[in-house]
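Secondary and tertiary structure notes
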Amino acid sequence: MKNGLIQEAQNLFDKMPQKNVVSWNTMVRGYFLNGFFSKAIAMFQEMPERDIFTCNIVISGLMHGHDVQGARQVFEGMVCRDVVTWNAMIGGYFINGMLDKGLKIFEEMPVKDVISWNLVIEGLVKCGKLDLAEEYFKRMSYRDVASWTVMISGLAKAGRMADACKYFEEMPVKDVRAWNVMLEGYIGIECVDLAESIFHEMPEKDLDSWKLLINGLVRCRRIVNALGYFMKMPTKCCKTLDSILLGLIRNGHVKEGHAFLEKQPYNNVVSWTNIVVGYFGIGEVRCAVKVFESMPIRDVTVWNVMIRGLGETNFGEEGSKFFIRMKESCFHPDEATFTSILTICSNLPSLDLGNQIHAQIVKSGLNHFTAISNALVTMYERCGNMHSALLEFFSMQKHDVISWNSIICGFAHHGNAEKALEMFERMRLTDVKPNHITFIGVLSACGHAGLVDKGKYYFEYMKSKCSLQPTTEHYTCIVDLLGRFGLINEAMSFLNQMRADGIEVPASVWGALLGACRIHNNMELGVIAAERVLEKEPHNSGIYLILAEMYLSCGRRDEAESIRARMEEKGVRKQQGRSWVEANNSS
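What you see as residue numbers is a count from 1 along each chain, following the sequence as written. Only residues with pLDDT of at least 70 are given local features in this predicted model, and only at 80 or more are side-chain atom pairs given and counted; all residues enter the totals for whole chains, interfaces and linings. Hydrogens are left out, water is left out, and the side-chain values use all remaining heavy atoms of the structure.

Here we look at the overall build of the protein
Stated formally: Helix and strand assignments follow DSSP, with helices taken as H or I runs no shorter than four residues and strands as E runs no shorter than two, numbered in order from the N terminus. Here the globule rule reads 2.2 Å times residues to the power 0.38, and the radius of gyration is calculated from C-alpha atoms. Each residue is placed in one exposure class: buried if its accessible area under a 1.4 Å probe, protein chains only, is under 20% of its type's maximum, exposed if it is over 50%, and partly exposed if it falls in between.
A count of helical and extended segments in the protein gives 35 helices and 0 strands. Compactness check: the protein gives a C-alpha radius of gyration of 34 Å against a globular reference of 25 Å for 587 residues, more than 25% above the reference. Seen through its principal axes, the protein has C-alpha atoms that stretch 105 × 55 × 55 Å. The 587 residues of the protein split such that 45% are buried.

Next comes the structure, spelled out in structure tokens:
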């Protein structure tokens, strides 16, 4: 039963020629331990005879299964109770959050032992009732190591290290767990120097002591010290090594982490996966691939890391090749795999690979995962197939905010404002709350359709009803909407209001105003907008060219030439255009 071999235990029990109460108790307790509460109760009811131990087991089991009423019935039906019975009830009430009932039954106990007191103190500590826990602690006539440790742990976790330290100093006998509690407490309030002092004072240390200090040093970015302690650990473990590696990676020291790992025999597939993730994080794609190729053992996770990493670093085609290699290596793609490869497909103009992936998802039976369906909707809409995107959306069993955003932003992106707003109105009828991305799609749709009043309404609705603070993208959408339909002065007033509210107007918003001025030949505001963009992005070649074009359209050739001269003076060059075309199944 302790090893979860339930059927084997039942078979052995059934074959027993004679069964006594101890045998039955073992079976009942085993079923409770393994979570089979109904089976445990059924066996309890079948028992030919019961003793006090039987009832204690059942009370404890029912309390852990949150059947408080059932436990109470067994308790009240007992003719004889011992201290274990009462303790089971006290612990059970506290487990189920019934503090008052737990304290009441504690006070009713005819005889209390130290375990009874410890159960009350621990229960109060876990519920955050530290002052009350201290009162009960002071009432104790005898305290064991566990009593002191529970009290110190509660104070330490609450950040009351001065009080914890006072109790620790008064503690007559300290074991390694009590020292570890103090160590963890100082690390919790980021006093790693004091934690280090405690560590050196400890008469004996266990694996947890070393792990606590090393992890604390890593969190405080004292990676070199963490490495030093790791090398001194009497028993090293991969988990601690991975903690150090993550610390190095998060601080940008990926190559140092890689060099350190190469010298360690204590590594596993997780360690090497962390290094791969680190290299992708700093843009060293070749190094990430090299580490992957040198790995002696791989799992699905590291394949997923490679596919995702290549997709996020603009090596999507290489990512798709890794997906094929993964399948050829007999690894079965999971939810994360398909989500990553669909993201890559979203950035390809061809739907061929995406359609193949969709078919594989259906065959694998993973199409019921919301994350995968979201990725499919996004892939189809980005590749221009809104019909398939909508079919996938409506086939989903459940929609989250990502699902709605994908379909709303997809219709907005393809200029179908009416459908985008229709989907938003459907979303409002559900329990899913819109977020910032939702309103980017809605405002963008209003901009495409020229729905100025609706755009203003949704902008205010976002702020007042949804309590969402507008971001750069939202302001850009509104300025673009106003400017695109000739309301340039109103757009400028909007920008002035932003500045009056203390919001810095970003380059993208000024760029939206410049685009409007270009369409409606508003040279005066166009120059202001262009200069504001160039203040923030002095090497934006497109702005120079738009401004020069506007001057030329007004017959102001000299100003246009001066703009081109400024470009040459700053070394700004027009970026070359590139395209990706598929014809006859080849690119």
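So, the pattern of salt bridges
Just so we agree on the cut-off: Every case where a carboxyl oxygen of Asp or Glu lies within 4 Å of a side-chain nitrogen of Lys or Arg is listed as a salt bridge.
Applying the stated rule across the entire model yields 26 salt bridges. The residue E122 makes a salt bridge to K126 at a minimum N-O spacing of 3.5 Å. Residue E122 and its partner K126 are both found in helix 8 (residues 114–126); the two are separated by 4 residues, about one turn of the helix. As a salt-bridge pair, E460 and K463 come within 3.5 Å of each other at their nearest N and O atoms. With a gap of 3 residues between them, E460 and K463 both fall in helix 29 (residues 452–464), about one helical turn apart. Through salt bridges with shared partners, a single ionic network connects D131, E134, R160 and D163.

Examining the UniProt feature "repeat: PPR" (unreviewed entry) in the protein
Our working definition: UniProt positions are given in the numbering used here, feature names are shortened, and annotations may be inferred rather than shown by experiment.
When the UniProt feature table is mapped onto this chain numbering, "repeat: PPR" (unreviewed entry) sits at residues 20–54, 82–116, 144–178, 299–333, 400–434, 471–505 and 540–574. Within residues 20–54, the helical portion is 74% and the strand portion 0%, while the C-alpha atoms at the span's ends are 12 Å from each other. Secondary structure content for residues 471–505 is 74% helix and 0% strand, while the C-alpha to C-alpha distance between its ends is 10 Å.

With respect to the packing of helix 31 (residues 488–500) against helix 32 (residues 507–519)
Definition in use: Structural elements are reduced to axes, namely lines fitted to C-alpha atoms, with helices fitted over the stretch in contact, and the angle between N-to-C directions of any two is expressed from 0 to 180 degrees. In these notes the angle categories are as follows: under 35 degrees is roughly parallel, over 145 is roughly antiparallel, 65 to 115 is roughly perpendicular, and the rest is oblique. Whether a crossing is left-handed or right-handed is set by the direction in which the near helix is turned from the far one by less than a right angle, anticlockwise for left-handed and clockwise for right-handed. A contact between two residues is defined here by any heavy atoms of the two lying within 4.5 Å. Amino acids are sorted into nonpolar (Ala, Val, Leu, Ile, Met, Phe, Trp, Tyr, Cys and Pro), charged (Asp, Glu, Lys and Arg) and polar (every other residue, Gly among them).
Viewed as axis vectors pointing N to C, helix 31 and helix 32 meet at an angle of 165°, and their least axial separation amounts to 10 Å. Here helix 31 is positioned roughly antiparallel relative to helix 32, judged by the angle of their axes. Our pair here, helix 31 against helix 32, has a crossing hand that is left-handed. Mapping the contact onto sequence places I488, A491, M492, L495 and R499 in helix 31 and V509, W510, L513, A516 and C517 in helix 32. By residue class, the composition of the contact of helix 31 with helix 32 is 9 nonpolar, no polar and 1 charged.

Digging into the layout of surface pockets
Put simply, the rule is: Grid points spaced at 1 Å over the protein atoms alone were grouped into cavities, where a 1.4 Å probe fits but cannot get out, and pockets, open sets with protein on both sides within 12 Å along at least five of seven lines, with lining residues defined by an atom within 4 Å of a point. Grid points are joined across faces, edges and corners, and a volume is the space filled by probe spheres set on the points.
Of the pockets and cavities examined, the largest pocket occupies roughly 450 Å³. T378, E381, R382, I402 and S406 are, among the 16 residues lining the largest pocket, the residues nearest its centre. For the lining of the largest pocket, the per-class residue count stands at 5 nonpolar, 9 polar and 2 charged.

Here we look at helix 31
Put simply, the rule is: Take the number of residues in a helix, subtract one, and multiply by 1.5 Å to get its expected span. The directions from the helix axis to the C-beta atoms are what the arc is built from.
With 13 residues, helix 31 extends 18 Å between its outermost C-alpha atoms, agreeing within 8% with the 18 Å of an ideal straight helix rising 1.5 Å per residue. Buried within helix 31 we find I488, A491, M492, F494, L495 and M498. Each buried residue of helix 31 sits inside an arc of 155° when the element is viewed along its axis, so together they form one side. Turned more than 90 degrees from where helix 31 packs its buried face, N489 and A500 sit exposed.

Overview of the nonpolar core
Under the convention used in this document: For the purposes of this section, nonpolar cores are sets of buried Ala, Val, Leu, Ile, Met, Phe, Trp, Tyr and Cys residues that join through side-chain atoms within 4.5 Å.
Counting 191 residues, the largest nonpolar core has I121, I152, I244, I407, L495 and L513 as its most contacted members. Other than its neighbours up to four places away in sequence, L513 contacts V479, I488, A491, M492, L495 and A529.

Here we look at the packing of aromatic side chains
Stated precisely, the cut-off is as follows: The criterion for an aromatic pair is that two Phe, Tyr or Trp rings (for Trp, the six-membered ring) have centres within 6.5 Å, with stacked assigned to planes under 30 degrees apart, edge-to-face to planes over 60 apart and tilted to the rest. A ring is considered to have a charge above it if a Lys NZ or an Arg CZ atom is located within 6 Å of its centre and within 35 degrees of its normal.
Using the criterion set out here, one finds 29 aromatic pairs in the structure. Seen in terms of ring centroids, Y31 and F36 are 6.3 Å apart; in terms of plane orientation they differ by 80°. Their pairing is edge-to-face. Each ring, one from Y475 and one from F494, has its centre 5.7 Å from the other, and the planes form 55°; the classification is tilted. With Y475 in helix 30 (residues 472–484) and F494 in helix 31, this residue pair connects regions lying 19 residues apart in the sequence. Both residues of the pair, Y475 and F494, count as buried. Here the basic side chain of R298 rests over the ring of F292, its NZ or CZ set 4.3 Å away from the ring centre.

A few points about helix 8
Condition: Nitrogen and oxygen atoms within 3.5 Å of one another constitute a polar contact, given that in protein one can donate a hydrogen and the other can accept it, and given that sequence-neighbouring residues count only through two side-chain atoms.
Taking 1.5 Å as the rise per residue, helix 8 with 13 residues should run 18 Å; its terminal C-alpha atoms sit 18 Å apart, in good agreement. Turning to helix 8, its buried residues are V114, S116, W117, N118, V120, I121, G123, L124 and V125. If you follow the buried residues of helix 8, they end up packed against helix 6 (83–95), helix 7 (99–108), helix 9 (130–139) and helix 10 (145–157). A distance of 3.2 Å separates the backbone nitrogen of I115 from a side-chain oxygen at the start of helix 8, and that oxygen is part of D113. Phi turns positive one or two residues past the end of helix 8, at G128, with a value near 80°.

Comments concerning the environment of I57
Note that I57 resides in helix 4 (residues 52–64). Using a relative accessible area of 18% as the deciding quantity, one classes I57 as buried. With 250 residues separating them along the chain, I57 and I307 place their C-alpha atoms 51 Å apart. Filtering out sequence-adjacent residues up to four positions away, I57 remains in contact with N25, V28, R29 and F32.

Details of the side chain of S406
With respect to the helices and strands, S406 occurs in helix 26 (residues 401–413). A polar contact is formed between the side chain of S406 and the side chain of T378, at a distance of 2.9 Å. Ignoring sequence-local partners within four residues, the contact set of S406 consists of N374, V377, T378 and E381.

Comments concerning the packing of helix 12 (residues 176–188) against helix 13 (residues 192–201)
It is at 7 Å that the axes of helix 12 and helix 13 come closest, and there the two elements cross at 165°. It follows from the interaxial angle that helix 12 and helix 13 lie roughly antiparallel. By crossing handedness, the relation of helix 12 to helix 13 is classed as left-handed. Contact with helix 12, carried on its side by W179, L183, Y186 and I187, involves V192, L194, A195, I198, F199 and E201 of helix 13 and no other residues of that element. Taken together, the residues of the contact of helix 12 with helix 13 break down into 9 nonpolar, no polar and 1 charged.

Overview of the state of the cysteines
Simply put, the disulfide is a covalent bond whose two ends are the sulfur atoms of two cysteines. Selection criterion: What counts as a disulfide here is a pair of cysteine sulfur atoms lying within 2.5 Å.
All chains considered together, the criterion is met by 0 disulfides. No disulfide involves C80; its sulfur sits 9.9 Å from the nearest other cysteine sulfur, which is in C55. When its relative accessible area of 53% is taken as the criterion, C80 is described as exposed. With no disulfide of its own, C409 has C477 as its nearest cysteine by sulfur position, at a separation of 9.3 Å.

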